Amino acid sequence: MSDNIDKIISLVSEINAYSEDANTKIFNEFQENLYLDLAPNQIILINLVKEKPGSSIGELAEKMKVTSSAIGQIIAKLEKNDLIKREINPSNRREVNVFLDAEGRKYFEVKERLRKDIVNKYYSQLSFEELVTLRDIVKKLNQIVNDN
């Protein structure tokens, strides 16, 4: 039994090393080609705004588990680059809604193009069947981890 566990541990270590190496290289290539250098909290916020345009500052703060003041600071930085814009809610003038601005929309257009380029450059070298198998294995591992 111990010999089998040692083999599994060795195999999992090898899988993790390959996975981390590939993911790191892909992530770095992706980040290098994005024209903006955003902090992780800015990326999270801009993604939330894209998912739900017109979110209030309070809603964003709740989703990010930070204060409204912290969201305001992040938004101020993003507004300087025309990524995000604030608008007063016409039906509740005390509430501010957040939307993507011109550069925010451009950011997601570039991000989508880069995603497609990476798929074409790397993932297209696997057969469709290999991709389905990879997806199924990762999905199964994810379910196991989440169920325990």
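You'll find the structure just up there.
Scope of this entry: the structure provided in the associated data block. (Residues numbered from 1 in each chain as written. Predicted model: local features only at pLDDT ≥ 70, side-chain atom pairs only at ≥ 80, totals over all residues. Heavy atoms only, no water.)

A closer look at the overall build of the chain
Step number 1: When helices and strands are tallied, the chain shows 6 helices and 3 strands.
Step number 2: Of the regular secondary structure in the chain, the N- to C-terminal order runs α-α-β-α-α-β-β-α-α.
Step number 3: Whereas a compact globule of 148 residues would reach a radius of gyration of roughly 15 Å, the chain reaches 21 Å, over 25% beyond that.
Step number 4: Scored against the burial criterion, the 148 residues of the chain give a buried share of 24%. (Helix = DSSP H or I, 4+ residues; strand = E, 2+ residues; numbered from the N terminus. Rg over C-alpha atoms; globule rule 2.2 N^0.38 Å. Buried < 20%, exposed > 50% of the residue type's maximum accessible area, 1.4 Å probe, protein only.)

Examining the packing of aromatic side chains
Step number 1: Under the definition given, this model contains 1 aromatic pair.
Step number 2: For the pair Y107 and F108, a centre-to-centre distance of 5.1 Å together with 85° between the ring planes defines the contact as edge-to-face. The same class applies to Y107 as to F108, namely buried.
Step number 3: Taking NZ or CZ as reference, K50 lies 5.3 Å from the ring centre of F108, over its face. (Phe/Tyr/Trp six-rings, centres within 6.5 Å; stacked < 30°, edge-to-face > 60°. Lys NZ or Arg CZ within 6 Å of the ring centre and 35° of its normal.)

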